[in-house]
Structures are given as C-alpha cells and as structure tokens.
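# Structural overview
Here's the letter readout for the chains.
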Amino acid sequence: MFWDHRPESTVSLEPKAYDSFYLEAGHPDCLFDGNGKHRYVTLTELLSLNSQKDADVLVARLAGSADIAVICVFVVQSRGSVVQMFLRHRVLQAVRLLEDMMPESSVTLMNPPELGMAA
C-alpha cells in the first residue's frame, strides 16, 4: 500500500552506463566526492521500502548527494504487456519518491556493472 497512488517521474527509462564513481548509499565522504557527492541505491532496495519511515532512513543515507543513481539490478523475464507496464509504473514511482524527498539531487537510472572474468 506504500506505493499505491504515488505519482510517476518523467525520467527516461533508458539507464545510463555504469559509473564506478558512484558509491553505495551511506558511504562516508571521500576523495571521489570532489565534484559533488555521487551515491547509488539498487532498484531492489528502493522497491523494498514499505513505509515512510523506511524511506526516511534511505534518504538519510543519501543526504548531501548531488547525484543519485538507481541501479537496475534485475531484468523482467515476462513478455506480458501488463507485467511490463506495471514494472515501468513502479520504477517511475520509485524514482519520483527520491526526486520528491531529495529535490536538490539529480536522480537517474543506471545499468549495473558488467561482471567479467579475469584472465
């Protein structure tokens, strides 16, 4: 019920390439923050919020961030249009929640890092 009737963001659903300069939400300030604090949260973590209290805790971990990336860590296997429409709707609601709670920050979607095997 936490997500029901929330507005959607107008952000593009096309995620940008992974950027390793984005650090996990809650990471202490560091040298990489010279051009503004860049933090990420996974889409799974964002969608697991069940209350305003949970959202407030997440926002506290993202405090001071100039840029926030929502990393899309899963791919929908269903080809059903209803499932895909629902997921798009929920993702846009989740991004809008961050935009509303952190208006000073830029929120975008980001691909996860590519996991390659070392030789």
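A brief structural summary. What you are looking at is a predicted structure, and each value in this text was computed from that prediction instead of being measured.

## Some thoughts on helix H2 (residues 52–61)
Of all the residues in H2, the buried ones are Ala55, Leu58 and Val59. Mapping the buried residues of H2 onto a view down its axis gives an arc of 100°, with all of them on the same face. Along H2, the residues that are exposed and aim more than 90 degrees away from the buried face are Lys53 and Ala60. As for H2, its buried residues are in contact with strand S2 (37–42), helix H1 (43–47) and helix H3 (81–101).

## Topic: the pairing of S2
For S2, a buried count of five out of six residues is recorded, marking the element as mostly surrounded by other parts of the structure. Where strand S1 (residues 23–24) meets S2, two bridges bridge the pair, whose relative direction is parallel. Counterpart to Glu24 in the pairing with S2 is Tyr40. Of the strand pairs in this sheet, S2 and strand S3 (residues 65–71) are connected by six bridges, and their pairing is parallel. Bridge assignment links Thr42 to a residue of S3, and that residue is Ile71.

## Digging into the sheet that holds S3
Strand order in the open sheet formed by four strands is S1-S2-S3-S4, with parallel pairing between adjacent strands. Single-partner strands in this sheet number two, and they are S1 and strand S4 (106–110).

## Some words on the environment of Arg90
Note that Arg90 resides in helix H3. The spacing of Arg90 and His5 is 85 residues in sequence and 10 Å in space, taken between C-alpha atoms. When sequence neighbours within four positions are dropped, the list of residues in contact with Arg90 reads Trp3, Asp4 and Leu47.

## Concerning the packing of H2 against H3
Relative orientation of the contacting elements H2 and H3 amounts to 65°, with a least axis distance of 11 Å. Crossing handedness for the pair H2 and H3: right-handed. Within the contact between the two elements, H2 uses Gln52, Ala55, Asp56, Leu58 and Val59 and H3 uses Leu97, Leu98 and Met101. Residues belonging to the contact of H2 with H3 are distributed by class as follows: six nonpolar, one polar and one charged.

Calculation rules
- Residues numbered from 1 in each chain as written.
- Predicted model: local features only at pLDDT ≥ 70, side-chain atom pairs only at ≥ 80, totals over all residues.
- Heavy atoms only, no water.
- Buried < 20%, exposed > 50% of the residue type's maximum accessible area, 1.4 Å probe, protein only.
- Helix = DSSP H or I, 4+ residues; strand = E, 2+ residues; numbered from the N terminus.
- Arc of directions from axis to C-beta.
- Contact = heavy atoms within 4.5 Å.
- Pairing = 2+ DSSP bridges.
- Axes fitted to C-alpha atoms, helices over the stretch in contact; angles between N-to-C directions.
- Left-handed = near helix turned anticlockwise from the far one by under 90°.
- Nonpolar A, V, L, I, M, F, W, Y, C, P; charged D, E, K, R; others polar.

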